[in-house]
Amino acid sequence: MHLYGTQSVNERGHLTIGGTDTVDLAHTYGTPLNVYDIALFRERASAFKKTFESMGIRAQVAYASKAFSSIAIYEIAEQQGLSLDVVSGGELFTAVSANFPRNRIHFHGNNKSFTELQYAFDEKIGCIVIDNFSEIELVKEIAESRKESMNVLIRVTPGVEASTHDYITTGQEDSKFGFDLKNGQTDEAFLQLYNHPYINLLGMHCHIGSQIFETDAFRLAAEALMNKMVAWRDNYEFICTVLNLGGGFGIRYTEEDKPLEPSVYVEEMATVVLSMTRSHNYPLPEIWIEPGRSLVGDAGTTLYTAGSSKEVPGIRKYVAVDGGMSDNIRPALYGAKYTAVSANRMNEPHVDKVTIAGKCCESGDKLIEEAQLADPTEGDIIAVFCTGAYGYSMASNYNRLPKPAVVFSENGQHQLVVRRETYEDIVRLDIPLQLVRREERI
Ligand SMILES: *Cc1c(COP(=O)(O)O)cnc(C)c1O
């Protein structure tokens, strides 16, 4: 059994997170419940930042907040000196609501609307990462009409394929994101931006995929972007001051996953940049990175209450929990694997192989195909580990299930940071029928 961060087992044989008994948390706040180990988030954030500092490199570590977006996590990110990636007006609004320093907000996305871009200008955010030619036109139009300048990066697809799940790989040439580095699109974008009076081109961005366990792809991407930067200097006397190498650092969902330390990812990519700037006599740019999953993924645990179970003789036993694909779509969407424990029986042998099923009306709503639990019984608290990234943020109201509550736990203290949805919340956007029935109209 692998425990994460501050997780431990107390004298009652219960799982604790941040010094608090998870069974107590489940009783206090109800289930399903997302519990975040905030000390682990802080530890990861400083590991990324300190590695750059120890190498003498100016850097921004931006929390890619689509992994888990809420006011409270933005406040923690702010406390840790992180920057913030947002990918929509809604995430930007959340950042504004958290009063996140605007100059450390970066705006991503492959189809930012005119309204969203206006909003980014209104808030004078730190940087827009430009994804495509239509966006260049929109950003220019807004900047010119307001006579306001904006920092931008050009997002490129370096044609580096990271070894990860196909659905979440974005570094290939056949990607919906960014300008192709090799077919001339990136240069064309550069020419449209670099000497514009209101556009302050800082440099280049790439994000080559997600849940990546090796550093080759990052090193190749850094090399490809550096080569382009050198070419722009040689041809146009333009110097990039920022090189953004994205996120995608892997975490351990199951024992098959072998993630590297944050410091290793940073060291490897920074070493390439250092050596190439030296050999090309290029001024060292600021390096920006954008971890999402690796900041919040294993800091998050979902607590469920076990309900009904079903034995299919000779085949398997299903144990159903009070959530499922509505609060964690990743198993159904990507075949993502997780591990779980019986949080109220931590000292009992976890030898019962069961399938943990959700309560949604889909046969595919299974959270873990082969979980190992300790004598799972109705009323047990089942903890699924590593649900902090792309769990709550991808949650839906499928089957009109209310979204779970979210709690932060640190140093023996806990706080509700997102309240559980109520049935009233579920119908709050519904409008009862106002049309008159046909026969009544005559
Ligand atoms: C999703 C995303 C990230 C974060 O990816 P993780 O795998 O969660 O680290 C970073 N940058 C961009 C542009 C993204 O779209």
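Residues numbered from 1 in each chain as written. Predicted model: local features only at pLDDT ≥ 70, side-chain atom pairs only at ≥ 80, totals over all residues. Heavy atoms only, no water.

Going by the annotation in an unreviewed UniProt entry, the name recorded for the chain is Diaminopimelate decarboxylase, with Sporosarcina psychrophila given as the source organism. As its UniProt record puts it under Catalytic activity (unreviewed entry), the chain is described as follows: "meso-2,6-diaminopimelate + H(+) = L-lysine + CO2". The Subunit (unreviewed entry) comment attached to the chain in UniProt states, word for word, "Homodimer." (UniProt positions renumbered as here; feature names shortened; annotations may be inferred.)

**Q** In this structure, what is going on with the overall build of the chain? I would like to understand it.
**A** Secondary structure assignment for the chain yields 13 helices and 21 strands. The globule rule puts the C-alpha radius of gyration for 442 residues at 22 Å, and the 24 Å found for the chain is close to it. For the chain, the spread of C-alpha atoms along the principal axes amounts to about 75 × 70 × 40 Å. A total of 442 residues make up the chain; the buried ones form 55% of that total. Contacts spanning at least 24 positions in sequence make up 68% of the contacts within the chain whose residues lie at least 6 apart. A total of about 19400 Å² of accessible surface is found on the chain, and carbon and sulfur atoms cover 48% of it. Put simply, the chain has 41 plus and 59 minus side-chain charges, and the middle of one group is 2 Å from the middle of the other. (Helix = DSSP H or I, 4+ residues; strand = E, 2+ residues; numbered from the N terminus. Rg over C-alpha atoms; globule rule 2.2 N^0.38 Å. Buried < 20%, exposed > 50% of the residue type's maximum accessible area, 1.4 Å probe, protein only. Contact = heavy atoms within 4.5 Å. Areas by Shrake-Rupley, 256 points an atom, 1.4 Å probe, with all protein chains shown as cover. Lys, Arg positive; Asp, Glu negative; His and termini not counted. Charge placed at Lys NZ, Arg CZ, Asp CG, Glu CD.)

**Q** I'm lost on the UniProt feature "modified residue: N6-(pyridoxal phosphate)lysine" (unreviewed entry) in the chain in this one. Help?
**A** UniProt marks K66 with the feature "modified residue: N6-(pyridoxal phosphate)lysine" (unreviewed entry), using the numbering shown here. Position of K66 relative to the elements: it lies in the loop between β5 (59–64) and α3 (71–79). Relative accessible area serves as the criterion here: at 36%, K66 is assigned to the partly exposed category.

**Q** Which parts of the structure should I look at to understand the site of the ligand?
**A** Around the ligand lies a shell of 14 residues, among which K66, S210, E290, R293 and Y390 are the nearest. Each residue belonging to the shell around the ligand can be placed in one class, and the counts come to three nonpolar, seven polar and four charged. (Near = heavy atom within 4 Å. Nonpolar A, V, L, I, M, F, W, Y, C, P; charged D, E, K, R; others polar.)

**Q** Help me understand helix α6 (residues 133–146), please; the structure alone is not making it clear to me.
**A** Given 3.6 residues per turn, any residue in an α-helix points the same way as the ones three and four places further on. For α6, which comprises 14 residues, the first-to-last C-alpha distance of 20 Å matches the rise-based estimate of 20 Å (1.5 Å per residue) to within 8%. Within α6 the residues assigned to the buried category are E135, I136, V139, K140, I142 and A143. All buried residues of α6 lie within an arc of 165° about the axis, which places them on one face of the element. Residues of α6 that are exposed and angled more than 90 degrees away from the buried face: S134 and S145. Of the surrounding secondary structure, the elements contacted by the buried residues of α6 are α5 (114–122), β8 (127–130), β9 (150–157), β10 (179–180), α7 (185–193) and β11 (199–205). Between the side-chain oxygen at the start of α6 and the backbone nitrogen of S134 there is a gap of 3.3 Å, and the oxygen is on N132. K147, located one to two residues past α6, shows a positive phi value of around 55°. (Expected span 1.5 Å × (residues − 1). Arc of directions from axis to C-beta. Polar contact = N/O pair within 3.5 Å; in protein donor to acceptor, adjacent residues only side chain to side chain.)

**Q** I tried to follow the UniProt feature "binding site: substrate" (unreviewed entry) in the chain on my own but got confused; where do I start?
**A** Per the UniProt entry, the sites bearing "binding site: substrate" (unreviewed entry) are R293, R330, Y334, E362 and Y390 in this numbering. Across 98 residues in sequence, these annotated residues place their C-alpha atoms as far as 26.8 Å from one another, rather than forming a single compact spot. Positionally, R330 belongs in helix α11 (residues 330–334). Apart from residues no more than four positions distant in its own chain, R330 is found in contact with Y253, R293, G335, A336, Y338, A389, Y390 and M394.

**Q** Just to check I follow, could you spell out the environment of M229 for this structure?
**A** Within the secondary structure, M229 sits in helix α8 (residues 216–236). Judged by its relative accessible area of 0%, M229 is buried. Note: C-alpha distance between M229 and I239 (10 residues apart in sequence) is 7.2 Å. Setting aside chain neighbours within four positions, we find M229 in contact with M204, F238, C240, L243, Y282 and P285.

**Q** I keep staring at the pairing of strand β14 (residues 300–312) and nothing clicks. Help me out?
**A** Note on strand geometry: in a regular strand, side chains alternate between the two faces of the sheet. Pairing analysis gives four bridges linking strand β4 (residues 33–37) to β14, with the strands arranged antiparallel. Its bridge partner lying in β14, Y36 is registered against G300. Of the pairings in the sheet, the one linking β14 to strand β19 (residues 381–385) comprises five bridges and is antiparallel in character. Counted as the bridge partner of T301 is F385 from β19. Taken together, the five bridges between β14 and strand β15 (residues 316–321) define a ladder with antiparallel strand orientation. (Pairing = 2+ DSSP bridges.)

**Q** When you look at the domain arrangement of the chain in this model, what are you seeing that I'm missing?
**A** Often the size quoted for an interface is simply the accessible area lost on bringing the parts together. In terms of domain boundaries, the chain breaks down into domain 1 (8–37 + 299–426) and domain 2 (108–291). Taking only C-alpha atoms into account, the centre of domain 1 sits 36 Å from that of domain 2. (Domains from an automatic or database assignment.)

**Q** Explanation requested: the confidence of the model for the chain in the structure shown.
**A** Predicted coordinates in areas of low pLDDT are best not read in detail. Averaged over every residue, the pLDDT of the chain is 95; the share at 70 or more is 97%. Below a pLDDT of 50 lies the segment residues 165–169, which in the model reaches 12 contacts outside its immediate sequence neighbourhood of four places, other chains included. (pLDDT = per-residue confidence, 0-100.)

**Q** Would you take a moment to explain the packing of aromatic side chains for this structure?
**A** Geometrically, a pair of aromatic rings is defined through the distance of the ring centres and the angle of the planes. The tally for this structure, following the rule as stated, stands at 17 aromatic pairs. Measuring from ring centre to ring centre gives 6.2 Å for F68 and Y392, while their planes differ by 90°; the resulting arrangement is edge-to-face. A residue pair is termed long-range when its members are at least 10 positions apart, and F68 in the loop between β5 and α3 and Y392 in the loop between β19 and β20 (405–410) qualify at 324 residues. The exposure class of F68 is buried, given its relative accessible area of 0%. (Phe/Tyr/Trp six-rings, centres within 6.5 Å; stacked < 30°, edge-to-face > 60°.)

**Q** Looking at this structure, I do not really get α5. What am I missing?
**A** Within α5, the full set of buried residues consists of L117, Y119, A120 and F121. On the buried face of α5, the contacting elements are α4 (89–97), β7 (105–107), β8, α6 and β9. The first or second residue beyond α5 is K124, which carries a positive phi of 50°.

**Q** Explain the pattern of salt bridges here, please?
**A** Two side chains bearing opposite charge may form a pair once their charged atoms approach each other closely. Summed over all chains, the structure comprises 21 salt bridges. Close ionic contact of K124 with E148 constitutes a salt bridge, the shortest N to O distance being 4.0 Å. Residue K124 is located in the loop between α5 and β8, and its partner E148 is located in the loop between α6 and β9; the two are separated by 24 residues in the primary sequence. Across the pair E148 and R146 runs a salt bridge, and its minimum N-O distance is 3.7 Å. Its relative accessible area of 24% is what places R146 among the partly exposed residues. (Salt bridge = Lys/Arg side-chain N within 4 Å of Asp/Glu carboxyl O.)

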